[in-house]
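Structural characterization, general
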Amino acid sequence: MTSICCSTSILNTKTLFTSPLLSSPSFPLHYRNKSFRVKCTYGGTNFDDSRSATIDVTANVVTEKLVVLGGSGFVGSAICKAAVSNGIEAVSLSRSGRPRFSESWVDQVSWIPGDVFYANWDEVLVGATAVVSTLGGFGNEEQMKRINGEANVVAVNAAKDYGVPKFILISVHDYNLPSFLLQSGYFTGKRKAEAEVLSKYPNSGVVLRPGFIYGKRRVDSFEIPLDLVGEPLEKILRATENLTRPLNSLPGSDLILAPPVSVDDIAVAVINAVRDDDMFGVFTIDQIKQAAANVKV
């Protein structure tokens, strides 16, 4: 008869951590890369204990936790759903908290109601390996600068200070509009947020620049099927892009000619960004599509 006795300890690279800092939310790496050492001793009824040995087996375990800012919105909820579907822990921070619709994946997301300007980051970011911001909107000039720019800047700096290794921003396509339109609070806010991501996360920050986003959008108890317009329009524009390419130089032409992007493609591209350390920088509409097609699951 034989027996095996095992004990487990947590390692980070070469150092054995037994400090209570591991349970502290201020621990900078947030246990992103954990190694578990298993020590086993083998024995049997006819086994010579003097020759017994300890076998060390070390395996790296990466736990993924994605914080979605604006997770109850159109794009944010699609990202939360994709994260859950791919075995990634998802936490949403949004003013409305838990969405009103009921689907099985909703119960697997941690819904935190709150405003990014007054968030308790110790609660929101603990254990996070990535943050994705879907924050943005329209209004007067000051409102657009605040929600598209300042809110994202606050979030980027909070994530950076907390030691979160990756930040992903859902921005907007670089439209060839007249300069006076590009000076609006919407576009200047988005570009300010992009600059903050790329500055604070030069080797891991991701900026996705979609145009019109389509999918089934829920507003209260109603569902707006944007895909009925967006999906066929995307197919038509991609099928005729060689014919329409000469028109791309016309001011404002890409308001019509830039292909729409499926909200599901954006969500899958985000999952790819979370899992691929080599994915960083600015991604155009075509590159978002490619990132979604190449997703690592």
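Presented here is a report on the structure given in the accompanying data block. (Residues numbered from 1 in each chain as written. Predicted model: local features only at pLDDT ≥ 70, side-chain atom pairs only at ≥ 80, totals over all residues. Heavy atoms only, no water.)

Here the focus is the layout of surface pockets. Approximately 380 Å³ is the volume found for the second largest pocket. Around the second largest pocket, the lining comprises 17 residues; the ones closest to its centre are Asn248, Leu257, Ala258, Pro259 and Asp286. Looking at the lining of the second largest pocket, the elements with two or more residues in it are helix 7 (241-244), helix 8 (254-257) and helix 10 (285-293). Residue composition of the lining of the second largest pocket, by class: five nonpolar, six polar and six charged. (1 Å grid on protein atoms, 1.4 Å probe; cavity = no way out; pocket = protein on both sides within 12 Å on 5 of 7 lines; lining within 4 Å. Points joined across faces, edges and corners; volume = space filled by probe spheres on them. Helix = DSSP H or I, 4+ residues; strand = E, 2+ residues; numbered from the N terminus. Nonpolar A, V, L, I, M, F, W, Y, C, P; charged D, E, K, R; others polar.)

To continue, consider the nonpolar core. In terms of nonpolar packing, the biggest core is built from 39 residues, with Leu66, Ile79, Trp105, Val132, Leu208, Ile266 and Val270 touching the most fellow members. For this core, the secondary structure elements donating two or more residues are strand 5 (65-69), helix 1 (74-85), strand 7 (109-113), strand 8 (130-133), strand 9 (167-170), strand 10 (206-208), helix 9 (263-275) and helix 10. When sequence neighbours within four positions are dropped, the list of residues in contact with Ile266 reads Val75, Ile170, Leu208, Pro210, Ile213, Val261 and Ile288. Formed by 26 residues, the second largest nonpolar core is a distinct cluster that contains Leu125, Ala155, Phe167 and Ala193. (Core = buried A, V, L, I, M, F, W, Y, C linked by side-chain atoms within 4.5 Å. Buried < 20%, exposed > 50% of the residue type's maximum accessible area, 1.4 Å probe, protein only. Contact = heavy atoms within 4.5 Å.)

It is worth spelling out helix 10 at this point. Think of an α-helix as 3.6 residues a turn; residues three or four steps apart then line up on the same face. Among the residues making up helix 10, those that are buried are Ile285, Ile288, Ala291 and Ala292. What you see down the axis of helix 10 is that its buried residues fit within an arc of 120°, all on one side. (Arc of directions from axis to C-beta.)

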